[in-house]
Amino acid sequence: MSPPANAERVAAASPEDPREIVVTAARRGEAEVAAESEFGEEEIAGQGTDSIEELLARLAPLIGGSGEEPVILINGKPAGFDRSILAYPPEALDRVAVLKPEAAAHYGEPAGKRVVNLVLKKNFAMLDADASADFATAGGQYGGTLSARRTAISGEFRWNVQARLGADSALRKDARHIAPRDGVFDGVGFAAAPGGGEIDPALSLIAGRPVTAAGIPPGASAAMPGLDDFAATADTLHPVDPNRFETLQSARRNAALTIGVTRPVGDFSVGINVNASRNSSAGRRGLPMVSVLIPAGHSWSPFAQDVLLTRPFAGDRALRVDNDMTAFSSSLTLNGKIGTWQTGLAVNYARGWSNNLLEAGVDRTRVQQAIDADAGFNPYGVWDESLLLATRSRTRSENLSARLNLRKAVIELPAGPLVWNFTTNASRNRAHSRRDDGVTGSDTRRRTRHQANGQMTLSVPLTRRGAAGPAWVGDLSLDLSASAQAMTGSRLQKRYGADVSWALLPTVQLRGSIERAEDAPSFDQLDAPVVTTVGRVFDYTRQEVAEPLWITGGNPDLRRGSRQSLALSAMIRPLGGELLTLDFGYRRSVAKGGVAFFPELTPAIEAAFPERVTRGADGRLLAVDARAINIARDTKAELSSGVALRLLPGRGGGEGKVVADPLQFSVALNHRWQLQDTLLTHPGLPVIDRLSGSGQSRHNLTLQVTAGKRGIGATLDGNWSNPATVTSGDRSFRSKPPLQFNLALFVEPAQLFGRPEARKRANGFKLALNVQNLFNGYRRVTFADGSVPAGYSRDEIDPLGRTVQLSVRKRF
């Protein structure tokens, strides 16, 4: 392990002046582990992002790691549960340091996670507001956001408040070229003969022609219509486009408030963070039509024989699928020293409220029963909402969690200090849910789970160049970790791991890790609210697009399992510094009896989990239970490689002068090659090879190119995956993902204007343009002969297509 980055050292007398003593001190906010890469203030400004969260996402290809969110330090101290730092403006940063891989073990985090140190400016204050508008270039969908933020930093005291509102309109099906579903859709309703043909000879006599269909008369909702009323609407129908009543993307609304305060209290830094948010969505899933029989002689029928009444439930009222979620959380974080122990304590409390409504259609059985009872029920009038088949669910959740981290340099070895780290986490989760489908009654569940775990890590420096061991060995360190976790209803789970880091040369870093862990399902996997929405998938069995009920949430039947993993990596900087970085990695993992996400619904997956798929008598796909699953064995192996080029601010002008406002330029190209991805769902069943016949790509390439400086810049992101196939019976589908690009541009006019008066008017403004799916690509699916299967047109695969966002930000 490297020596602490914040260690002060006193040099010998200066060679120019023997009487001069040179003292080298740590920079403000340094972490205890040395940085592998740094992004300075100019580089940060050249990214053009509006928050630290957005900045970290932009820098992700250069940060590396497994793609998950990095562990965050603030001025060298763990952030704990404090999420308010992510809302800070990037202008508040002095620099961003990506620490060496061994930093994860040093701070008590799982191996493989990257650790990022956010170093804030010593003094900073800003009030800003921004507004954005976004839309799909194909039309049919638009949205926007508004936010205001106040940030202040004064030494170790800082605070931040941000309020944000957002909304997106629904994308209706009729905004795209998609064939409507089969069926009869009428905006008013009509009467017809049950077997077709003439409704009633008396009605035909009044109308003067045979009548096979007659619309519901205008006054039928208040009084029984007569034959004359139906004669006036003979052959008058009101057909409607069913696509008007279906959404491809739900309307969304969201609001959030974040407040964070951090200040020193004695030898400790104390932070309080409060978050509140509300998110809702409203979708439509079709016009509810129903056909019921009105017998002859019924009190509301003027006809001499039975008639079939076909009508919508209530005019233009569509079936709804609505979700809303409200969340509140608060946290307390303390960092400081107790004697020689570096101590961190974080406590978090969170509550959540969620509601879900899914309407499936008209309850035809109850309507027919009401008509047959002939007790004053008007089949043409306004029907009560209880006649709709609807499932309503409500969940209330509560979480209380705490984290304690202790670390200390136990002994000073020749290569550096041996650091002992202990981290413990404890949590209590409660959930109360109620589900009512209006038919079988309500189902109420209450669950409480407790969880506690502890991890101990030893970071052992073995050799260090120029200090301990032969010089040719370089820097060699070893991290050993062991942890245990207990959860309500589960036995103790243990984990062991070892990481070796070897810097053979200053430009070459080698790393290897092994881990064996017993895994148990998380609280969310077990007890998260069950949410039912409407999915849109291609049914390979029937070779058609289906819109089944899609069930997600907790699965209390999940069982524990085990996992073994091996990871090897190498980082090479052949030119020294951070100009050019080459990364290579190999990872293999084997999970036995563990938990996995429900995969894409292919014929192989349906055969392995038939109980998760519901089909009608005609074979149509009705519902998919997509909650997490238990598997017998899951094996993955992959190679990764990457190259990153960063042209950093330097010196120029031929005389060693500092380049003012230099142009920043970076390129990151990463390749992922999946060598193996097999799934055994149950013992005795065939192994599913996801890379052969299951639609999963073997190769993936990502590209990011950024060029900018303070005041203007652009970022281009690209993503490509190789084609794959899905086999269904004797037919094969070829899936070709698009080569997709996203473009982000920004400009601060005040930085470009030369005249003072123009600069003053534009001061504090930033304009940004963000284009997602720049070339409007989509995944193309064909049969082996090149023909396109039904349901795989451009609008059905990716109905949203290219989107454009325009935003303006004003700094006051």
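Scroll up a little and you will see the structure.
Here the residue numbers are simple positions, counted from 1 along each chain's written sequence. The predicted nature of this model means local features are confined to residues of pLDDT at least 70 and side-chain atom pairs, given and counted, to a pLDDT of 80 or more, with totals for whole chains, interfaces and linings taken over all residues. Side-chain descriptors were evaluated using all non-hydrogen atoms of the structure, hydrogens and water having been removed beforehand.

Caption draft 1: Seen up close, the overall build of the protein. Summing up its helical and strand segments, the protein has eleven helices and 49 strands in all. Based on the C-alpha atoms only, the size of the protein along its principal axes is roughly 125 × 75 × 60 Å. Taken across its 812 residues, the protein has 45% of its residues classed as buried. Within the protein, counting contacts between residues at least 6 apart in sequence, those at least 24 apart form 70% of the total. With the model as given, the accessible surface of the protein reaches about 38200 Å², and the carbon-plus-sulfur share is 57%. Under this rule, positive means Lys or Arg and negative means Asp or Glu; His and the chain ends count for nothing. The location of each charge is read from NZ of Lys, CZ of Arg, CG of Asp or CD of Glu. Here the protein contributes 95 positive and 85 negative side-chain charges, whose respective centroids are spaced 5 Å apart. Only DSSP runs of H or I reaching four residues or more are called helices, and only runs of E reaching two or more are called strands; each is numbered from the N terminus. Burial here depends on accessible area, computed with a 1.4 Å probe over protein chains only, as a share of the maximum for the residue type. Under 20% is buried, over 50% is exposed, and the range in between is partly exposed. Any pair of residues with heavy atoms lying within 4.5 Å of one another is described as a contacting pair. Values of accessible area rely on a 1.4 Å probe in the Shrake-Rupley scheme; residue burial ignores everything except the protein chains shown.

Caption draft 2: View of the nonpolar core. Side-chain atoms within 4.5 Å are what join buried Ala, Val, Leu, Ile, Met, Phe, Trp, Tyr and Cys residues into a set we call a nonpolar core. Membership of the largest hydrophobic core comes to 29 residues, with the highest contact counts inside it found for Leu203, Phe303, Val367, Tyr380 and Trp383. Counting residues per element, the ones that place at least two in this core are helix H4 (201–207), helix H5 (227–232), strand E17 (289–294), strand E18 (307–312) and helix H6 (364–373). Ignoring anything within four residues of it in the chain, the contact list for Tyr380 reads Ile216, Ala220, Ser221, Pro225, Phe230, Ile294, Trp300, Ser301, Pro302, Leu309 and Arg311. Counting residues in each nonpolar core, the second largest holds 26 residues, with Leu59, Ala79, Leu93 and Leu120 among its members.

Caption draft 3: Here's a closer look at a nonpolar patch on the surface. A cluster of nonpolar side chains, contributed by Phe157, Leu257, Ile259 and Val261, occupies part of the molecular surface with about 270 Å² of accessible area. Here the element with the most residues in the nonpolar patch is strand E15 (residues 251–265); it accounts for three residues. The exposure class of Leu257 is partly exposed, given its relative accessible area of 37%. Only residues above 30% relative accessible area that lack a salt bridge enter a patch, with like-charged residues linked at up to 9 Å and the nonpolar side chains Val, Leu, Ile, Met, Phe, Trp and Tyr linked at up to 5 Å. We count a salt bridge whenever a side-chain nitrogen from Lys or Arg sits within 4 Å of a carboxyl oxygen from Asp or Glu.

Caption draft 4: Region of interest: the pairing of strand E46 (residues 740–747). Strands were regarded as paired on the criterion that DSSP finds at least two bridges between them. Strand direction decides the pairing type here: strand E43 (residues 712–721) and E46, joined by eight bridges, are antiparallel. Bridging from a neighbouring strand, Thr715 pairs with Ala744 of E46. Note: E46 against strand E47 (residues 765–772), five bridges, orientation antiparallel. Residue pairing across strands places Phe746 opposite Ala768, the latter belonging to E47.

Caption draft 5: Representation of unusual backbone geometry in the model. The backbone of Asn75 shows a phi angle near 55 degrees, a positive value even though the residue is not glycine. Counting through the fold element by element, Asn75 comes out in the loop between strand E4 (71–74) and strand E5 (77–78). Residue class for Asn75 comes out buried when judged on its relative accessible area of 11%. The backbone phi angle of Asn773 is positive, close to 60 degrees, even though this residue is not glycine. Relative to the assigned elements, Asn773 resides in the loop between E47 and strand E48 (780–783).

Caption draft 6: Quick peek at the environment of Arg587. Assignment of secondary structure puts Arg587 in strand E32 (residues 580–592). Between the alpha carbons of Arg587 and Lys494 there is a distance of 21 Å; along the sequence they are 93 residues apart. Non-local contacts of Arg587, meaning those with residues more than four positions away in its chain, are made with Leu566, Ala567, Lys636, Ala637 and Glu638.

Caption draft 7: Quick look at the packing of aromatic side chains. Only rings of Phe, Tyr and Trp enter the pairing, Trp through its six-membered ring, and a pair is recorded when the two centres are within 6.5 Å. The plane angle decides the type: under 30 degrees is stacked, over 60 is edge-to-face, the rest tilted. In the structure shown here, the tally under the stated rule is 13 aromatic pairs. Between the aromatic rings of Phe230 and Phe303, the centroid separation amounts to 4.9 Å while the plane-to-plane angle is 55 degrees, which identifies the pairing as tilted. Within this pair, whereas Phe230 is found in helix H5, its partner Phe303 is found in the loop between E17 and E18, the two being separated by 73 residues in sequence. Note on accessibility: Phe230 and Phe303 belong to one class, buried. Pairwise contacts between aromatic rings join Phe538, Tyr540, Phe733, Phe783 and Tyr792 into one cluster. For the cation-ring pair, Arg311 lies above Trp383, with the distance from its terminal atom to the ring centre recorded as 3.9 Å. We call a charge positioned over a ring when the NZ of a Lys or the CZ of an Arg lies within 6 Å of the ring centre and within 35 degrees of the ring normal.

Caption draft 8: Spatial organisation of H6. Along H6, the positions that sit buried rather than exposed are Val367, Gln368 and Ile371. Buried positions in H6, seen along its axis, are confined to an arc of 95 degrees and lie on one side of it. In H6, those exposed residues whose orientation departs by more than 90 degrees from the buried face are Gln369 and Ala373. Taken together, the buried residues of H6 touch E17 and strand E20 (341–362). Downstream of H6 by a residue or two, Asp374 has a phi angle that is positive, lying close to 50 degrees. It is the directions from the helix axis to the C-beta atoms that the arc portrays.

Caption draft 9: Main features of the pattern of salt bridges. Counted according to the given criterion, the structure contains 57 salt bridges. Two residues, Lys766 and Asp50, come together in a salt bridge whose shortest N-O distance is 2.3 Å. Placement of the pair is Lys766 in strand E47 and Asp50 in the loop between helix H1 (41–47) and helix H2 (52–63), with a sequence separation of 716 residues. As far as the burial class goes, Lys766 and Asp50 line up, both buried.

Caption draft 10: Representation of the sheet that holds strand E45 (residues 731–736) within the structure. If you trace the three strands from one edge of the open sheet to the other, you get E44-E45-E48, paired in antiparallel fashion. The open sheet terminates on both sides in strands that have one partner only, identified here as strand E44 (724–728) and E48. Strand-to-strand twist in this sheet, taken as the mean axis angle between neighbours without regard to direction, amounts to 25 degrees. Strand direction decides the pairing type here: E44 and E45, joined by five bridges, are antiparallel. Looking across to E45, one finds that Thr725 is bridged to Arg734. Only the stretch in contact is used when a helix axis is fitted, and all axes are lines through C-alpha atoms; the angle between N-to-C directions ranges over 0 to 180 degrees.

Caption draft 11: Seen up close, H2. The span expected for a helix works out to 1.5 Å for each residue beyond the first. Helix length check: H2 (twelve residues) gives 14 Å between terminal C-alpha atoms against 16 Å at 1.5 Å per residue, more than 12% under. Along H2, the residues that are buried comprise Ile52, Leu55, Leu56, Arg58, Leu59, Leu62 and Ile63. The arc that holds every buried residue of H2, seen down its axis, measures 165 degrees, which confines them to one face. The first or second residue beyond H2 is Gly64, which carries a positive phi of 85 degrees.

Caption draft 12: Spatial organisation of the sheet that holds strand E35 (residues 621–625). Overall, mixed pairing links the four strands, which are arranged E27-E30-E35-E34 in an open sheet. Strands with a single pairing partner mark the edges of an open sheet, and in this sheet they are strand E27 (531–534) and strand E34 (613–615). This sheet shows a mean twist of 15 degrees between the axes of neighbouring strands, independent of strand direction. Across three bridges, the pairing between strand E30 (residues 549–552) and E35 is parallel.

Caption draft 13: Geometry of the side chain of Gln704. By the secondary structure assignment, Gln704 is in strand E42 (residues 699–709). Of the polar contacts made by the side chain of Gln704, one reaches the side chain of Asp717; its length is 3.2 Å. In contact with Gln704, other than residues within four places in its own chain, are Arg58, Pro61, Ser666, Val667, Ala668, Thr715, Leu716 and Asp717. Polar contact is defined as a pair of N or O atoms within 3.5 Å, subject to the rule that within protein one atom must be able to donate a hydrogen and the other to accept it, and that residues adjacent in sequence are counted only when both atoms are side-chain atoms.

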